[in-house]
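Coordinates in review
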Amino acid sequence: MTAFSTQQVQAGYTPGIPQNSAVPPIYQTAAYEFASLADAADLFALRRAGNLYSRNASPTQQVLEERVAALEGGASAVAVASGQAAVAVTLMALAGRGGHIVSASQLYGGTVDLFQDTFDDFGIPVTFVDQDDADAWRAAIRPDTRALFAESVANPIAQVLDFRLVADIAHEAGVPLVIDNTVGTPYLIRPGEHGADFVVHSATKFLSGHGTSLGGVVVDQGSFDFGAQPERWPQFTAPYPRFGELVLWERFGIGQAFAALVKSKYVHDLGPSLSPFNAWQILQGIETLDLRVSRQSATALALAEHLAAHPKVAAVHHPGLEGNRWHALAERYLPRGAPSVFSIDLRGAEDAEAQARIARVVDSLEVFRLVANIGDARSLVSHPASMTHSHLNAEQRAAAGISWNTIRLSAGLEDSADLIAALDRALARL
Ligand SMILES: *Cc1c(COP(=O)(O)O)cnc(C)c1O
């Protein structure tokens, strides 16, 4: 198979269109013209694949889908408007009507909102478990469970998932494991090699790397056989009235049927479509993914080592550090290094003064930008308890390992000496 760095600049695109552009073009068109009425009818009935309308897909988006599928070692992919949309359509497609989800409680804040508010409205119940507790995963699985969900490396505390353990529990129960690999990136970890069946990304973060564009992708690893227990998965194995009683599993099969369902139903009906321009921006970012991620990971480790010895820092949550609770899992699953998103706990009690003390540090921190984002070329800082995780109650925050003294850092591409000097100056204000 072609190497990662070759795939990230070439997979999914072969120049050969009449205009012969070397770089995938932006197909900025809402719709596509049919050769004939018969051609249109074939496309609408899914008898033939092709361009139809940009809510379903654009050729720029298809290059992105093939490229991310290649980088994750998967069979197919669907790109959508945001990471949030990727998580939503993936789990809705798996849950079908009446399905239940078991999720790690160590999650991105937006995913927590989706699961406990909107999915609750939709009648998709989600049970949260501590991702390190194998018995809790097993105990939460019910006859109507249709997926297990976790992040490869959670944020902000950078807990590393024991992929193999959770994948085995999912497969014993006959359900797929879905991994959000936004923080991990396929350069550092390919969850599909450790048992994950579906991998989702917020392409807004490391895949783009430039912080200009929202996007999301879900990759089908082609490992989960919906035909093994067909009565559980009628959305794939029963005749689909919308397409003349077509059975998706028979027509598309393993590795392709999931993408067909997500596109023809969830993206088509709900409309979280990726714009051709954003698809193109994300493709530009992916071309340098390995270079950026390896540099950012090395910088983050240097910052973590410096901060671990800093008198104003009570704890550094970076799995690359010896003594970190997830260090052994990082050594096993992340041989190229841990991701560049990690957190520190500043010294001090969680008293009435805490907020003002933290604000002094964050507001005086130079070089790092105060932004609710990660994986950017710029180094970023955030305060989870008042920003990304502000909707969580105190108990959920504690379960996620966050206190008022927690500050999240995302190391960018700047010089690490500048970043360390900026941190030292700001910490002096604590
Ligand atoms: C940002 C993020 C999301 C949501 O992605 P958007 O592109 O912002 O919609 C989901 N999961 C994780 C881990 C994220 O960091």
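Just so it is clear, the model here is predicted, and its values are computed rather than measured. (Residues numbered from 1 in each chain as written. Predicted model: local features only at pLDDT ≥ 70, side-chain atom pairs only at ≥ 80, totals over all residues. Heavy atoms only, no water.)

Quick notes on the domain arrangement of the protein
Its domain assignment divides the protein into domain 1 (37–285) and domain 2 (289–427). Considering only the side of domain 1, the residues that lose the most area to domain 2 are Tyr-187, Leu-188 and Phe-206, jointly responsible for 23% of the buried surface there. Inspection of the domain 1/domain 2 interface yields two salt bridges. With its nearest N and O atoms 3.7 Å apart, the salt bridge here joins Arg-332 to Asp-162. Taken together, the elements giving at least two residues each to the side of domain 1 that touches domain 2 come down to α5 (109–122), α7 (163–172) and α8 (185–188). (Domains from an automatic or database assignment. Buried area = accessible area lost by both parts, 1.4 Å probe. Salt bridge = Lys/Arg side-chain N within 4 Å of Asp/Glu carboxyl O. Helix = DSSP H or I, 4+ residues; strand = E, 2+ residues; numbered from the N terminus.)

A look at unusual backbone geometry
Residue Asn-155 is joined to Pro-156 through a cis peptide bond whose omega torsion reads 15°. With respect to the helices and strands, the residue Pro-156 is situated in the loop between β4 (145–151) and α7. Phi angles above zero are rare outside glycine, and Glu-245 is one such case at about 65°. Mapped onto the elements of the fold, Glu-245 is located in the loop between α9 (234–237) and α10 (248–251). Exposure remark for Glu-245: the relative accessible area of 47% places this residue in the partly exposed category. Its identity as a non-glycine residue notwithstanding, Val-367 has a phi of 70°, on the positive side. Within the element layout of this structure, Val-367 appears in the loop between α15 (354–364) and β10 (369–370). (Buried < 20%, exposed > 50% of the residue type's maximum accessible area, 1.4 Å probe, protein only.)

What about the sheet that holds strand β2 (residues 100–104)?
An order of β1-β7-β6-β5-β4-β2-β3 is seen for the seven strands of this open sheet, with the pairing classed as mixed. If you trace the sheet from one side to the other, it starts and ends with β1 (76–80) and β3 (126–129), each paired once. Neighbour-to-neighbour, the strand axes of this sheet turn through a mean angle of 20°, independent of strand direction. Inspection of the sheet shows β4 paired to strand β5 (residues 177–180) by four bridges, in the parallel sense. Bridge pairing in β5 places Phe-149 opposite Val-178. (Pairing = 2+ DSSP bridges. Axes fitted to C-alpha atoms, helices over the stretch in contact; angles between N-to-C directions.)

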